[in-house]
Amino acid sequence: MIPDVTCLLSNMPDPVTARESIWLPFIQEELQCDEETVIIGHSSGAAAAMRYAETHNVFGLILVGAYTSDLGDENERESGYFSRPWEWEQMRRNVGHIVQFGSTDDPFLPWEEQQAVAEGLGAVLHKYTDRGHFQNTQFPELIDAMRKLRAAA
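Residues numbered from 1 in each chain as written. Predicted model: local features only at pLDDT ≥ 70, side-chain atom pairs only at ≥ 80, totals over all residues. Heavy atoms only, no water.

Let us look at the pairing of strand β2 (residues 58-64). Burial within β2 is extensive, with seven of its seven residues counted as buried. When strand β1 (residues 38-42) meets β2, the two strands line up parallel, connected through five bridges. Opposite isoleucine 40, over in β2, you have isoleucine 62 as the bridge partner. Since β1 and β2 lie parallel, the crossover through helix α2 (residues 44-55) that links them has a hand, and here it is right-handed. Sheet topology places β2 next to strand β3 (residues 95-103); six bridges connect them, and they run parallel. Along β3, the bridge assignment pairs glycine 60 with histidine 97. (Buried < 20%, exposed > 50% of the residue type's maximum accessible area, 1.4 Å probe, protein only. Helix = DSSP H or I, 4+ residues; strand = E, 2+ residues; numbered from the N terminus. Pairing = 2+ DSSP bridges. Right-handed = clockwise from strand over helix to strand, strands pointing away.)

Under the 1.5 Å per step criterion, the end-to-end length of α2 is 18 Å for 12 residues, consistent within 8% with the ideal 16 Å. Burial within α2 is extensive, with 11 of its 12 residues counted as buried. Every buried residue of α2 is accounted for by Ser44, Gly45, Ala46, Ala47, Ala48, Ala49, Met50, Arg51, Tyr52, Ala53 and Glu54. (Expected span 1.5 Å × (residues − 1).)

Among the nonpolar cores identified, the biggest contains 29 residues, and Ile39, Met50, Leu61, Leu63, Trp86 and Leu121 are the most heavily contacted of them. Contributing elements (two or more residues each) for this core: α1 (20-29), α2, β2, α4 (88-94), β3 and α5 (111-121). Look past the residues within four positions of tryptophan 86 in its chain and what remains in contact with it is Ala47, Met50, Arg51, Glu54, Tyr67, Thr68, Tyr81 and Met91. One finds Val64, Tyr128, Met146 and Leu149 within the second-largest nonpolar core, a separate group that totals 14 residues. (Core = buried A, V, L, I, M, F, W, Y, C linked by side-chain atoms within 4.5 Å. Contact = heavy atoms within 4.5 Å.)

To continue, consider the sheet that holds β1. Sheets are built from strands that pair by backbone hydrogen bonding, the pairs being arranged parallel or antiparallel. If you trace the four strands from one edge of the open sheet to the other, you get β1-β2-β3-β4, paired in parallel fashion. Lying at the two open borders of the sheet, with one neighbouring strand each, are β1 and β4 (124-128). Neighbouring strand axes in the sheet, compared pairwise and without regard to direction, differ in orientation by 10° on average. Note that β3 and β4 share five bridges and pair parallel. (Axes fitted to C-alpha atoms, helices over the stretch in contact; angles between N-to-C directions.)

Taken as a whole, the largest pocket encloses approximately 1,500 Å³ of empty space. The wall of the largest pocket is formed by 39 residues, among which Cys7, Leu8, Val38, Ile39 and Ile40 lie closest to the centre. Put simply, the parts of the chain that give the lining of the largest pocket at least two residues each are α1, β1, α2, β2 and α6 (140-152). Residues of the lining of the largest pocket, tallied by class, amount to 24 nonpolar, 11 polar and four charged. By volume, the second largest pocket is sized at about 180 Å³. In terms of lining residues, the second largest pocket is bounded by His97, Ile98, Val99, Phe101, Val124, His126, Tyr128, Glu141, Asp144, Ala145, Lys148 and Leu149. If you list the elements that add at least two residues to the lining of the second largest pocket, you get β3, β4 and α6. By residue number, the principal contributor to the lining of the second largest pocket is α6, which donates five residues. When the residues that make up the lining of the second largest pocket are grouped by side-chain class, the tally is seven nonpolar, two polar and three charged. (1 Å grid on protein atoms, 1.4 Å probe; cavity = no way out; pocket = protein on both sides within 12 Å on 5 of 7 lines; lining within 4 Å. Points joined across faces, edges and corners; volume = space filled by probe spheres on them. Nonpolar A, V, L, I, M, F, W, Y, C, P; charged D, E, K, R; others polar.)

Next comes the structure, spelled out in structure tokens:
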């Protein structure tokens, strides 16, 4: 537990394709993410968090398994996140704190993609070699990152 922090975990609409046109309005209208919010995004959720941060101020982003392209996958292409260049500078202006977790053994994401996100955002990148796509149930480093962001508030 982190004092004075409320955690909201919600099932995202359109979970298979994860369309930007559905997820970003949901993040704004249903989750009501604002300048006091830390958005934690995993995989497609990381892509959504980054696109959201291009046009909205948020306190922080914690990105897990973030990437920059559709990876040649039709479903990823249909999501809409990868149809235009990333606005790294705008995201850096709109977000107070950016933390990223990635693993070199991720079976879905090349390390170069994850590293490109960190470079574009100037993110604090926590690099692992044995976490795959971070689909395990224990992730104490994420809790520690959240505690540090809370202390920075």
